[in-house]
Amino acid sequence: QVQLVESGGGLVQPGGSLRLSCVASGFTFSKYTMRWYRQAPGKERELVAAVTSSGRPIDYVNSVKGRFTISRDNAKNTVYLQMNSLKPEDTAVYYCFGPVPVGSFGQGTQVTVSS
């Protein structure tokens, strides 16, 4: 079955950077679009970014454009989210989702941006 394992979250000061990773298994990773979502306390889960099977980034939410970069390595079955210039409002649990459209979410990784 589909399994997604996220890592790379943590506590970072405003302006800092983190890189999230999501290792996928249970499906042919290289054939499918993958997504990152996030859910902040008290808010609905929102789509952050997506990447096509060939590695083209799509669907960045406006609030992260110019700061976050989604990418993938099909040889490693891994999708990444590079997050720069982090803000307190980026604090959330970040989830990997795939394969699009009928996949599932991983367990999530907590990102906390605070001084």
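All residue numbers refer to positions counted from 1 along the written sequence of the respective chain. In keeping with the predicted nature of the model, local features appear solely for residues at pLDDT of at least 70, side-chain atom pairs appear and are counted solely at 80 or more, and the whole-chain, interface and lining totals rest on all residues. Just so you know, side-chain values use all the structure's heavy atoms and leave hydrogens and water out.

Engineer: Honestly, the overall build of the protein in this entry has me stumped. Any pointers?
Structural biologist: Counting from the N terminus, the helices are the DSSP runs of H or I reaching at least four residues and the strands are the DSSP runs of E reaching at least two. For the protein, the count of helices and strands is zero helices and 11 strands. Expected size for 115 residues packed as a compact globule is a radius of gyration near 13 Å; at 13 Å, the protein falls within 12% of this value. Counting only C-alpha atoms, the protein reaches 40 × 25 × 20 Å along its principal axes. Any residue under 20% of the maximum accessible area for its type is buried, any over 50% is exposed, and the rest in between are partly exposed; the area is computed with a 1.4 Å probe on protein chains only. Within the protein, the proportion of its 115 residues that are buried is 41%. Only the protein chains shown count as cover for residues, with accessible areas throughout obtained via the Shrake-Rupley method and a probe of 1.4 Å. Accessible surface for the protein amounts to roughly 5,900 Å². Of this, 47% is attributable to carbon and sulfur atoms. Note that His is not counted, nor are the chain ends; the positive residues are Lys and Arg, and the negative ones are Asp and Glu. Throughout, a charge is located at the NZ atom of Lys, the CZ atom of Arg, the CG atom of Asp or the CD atom of Glu. Measuring between centres, the 12 positive side-chain charges of the protein sit 5 Å from its 7 negative side-chain charges. Two things to know: the radius of gyration comes from C-alpha atoms, and the globule rule equals 2.2 Å times the number of residues to the power 0.38.

Engineer: Can you help me understand the pattern of salt bridges in this one?
Structural biologist: Side chains that differ in charge, positive against negative, can pair when their charged atoms come close. Note on definitions: salt bridges are taken to be side-chain nitrogens of Lys or Arg within 4 Å of carboxyl oxygens of Asp or Glu. Per the stated rule, a full pass over the model turns up three salt bridges. Residue R38 is joined to E46 by a salt bridge in which the shortest nitrogen-to-oxygen separation is 2.7 Å. Since its relative accessible area comes to 30%, E46 is described here as partly exposed. Taking the shortest distance from any N to any O, the salt bridge between R38 and D90 comes out at 3.0 Å. With R38 in strand β4 (residues 34-39) and D90 in the loop between β8 (78-83) and β9 (92-98), this pair connects stretches of sequence that are 52 residues apart. Residue D90 is classed as buried on the basis of its relative accessible area of 0%.

Engineer: I would appreciate a short explanation of unusual backbone geometry in the present structure.
Structural biologist: P99 follows G98 through a cis peptide bond whose omega is -10°. Locating P99 in the fold gives a position in the loop between β9 and β10 (104-105). Despite not being glycine, D59 shows a phi value in the positive range, around 65°. Turning to its location among the elements, D59 is positioned in the loop between β6 (57-58) and β7 (68-73). If you check the backbone angles, S85 has positive phi at about 50° while not being a glycine. With respect to the helices, strands and loops of the structure, S85 is situated in the loop between β8 and β9.

Remember, this is a structural readout, not a statement about activity or role.
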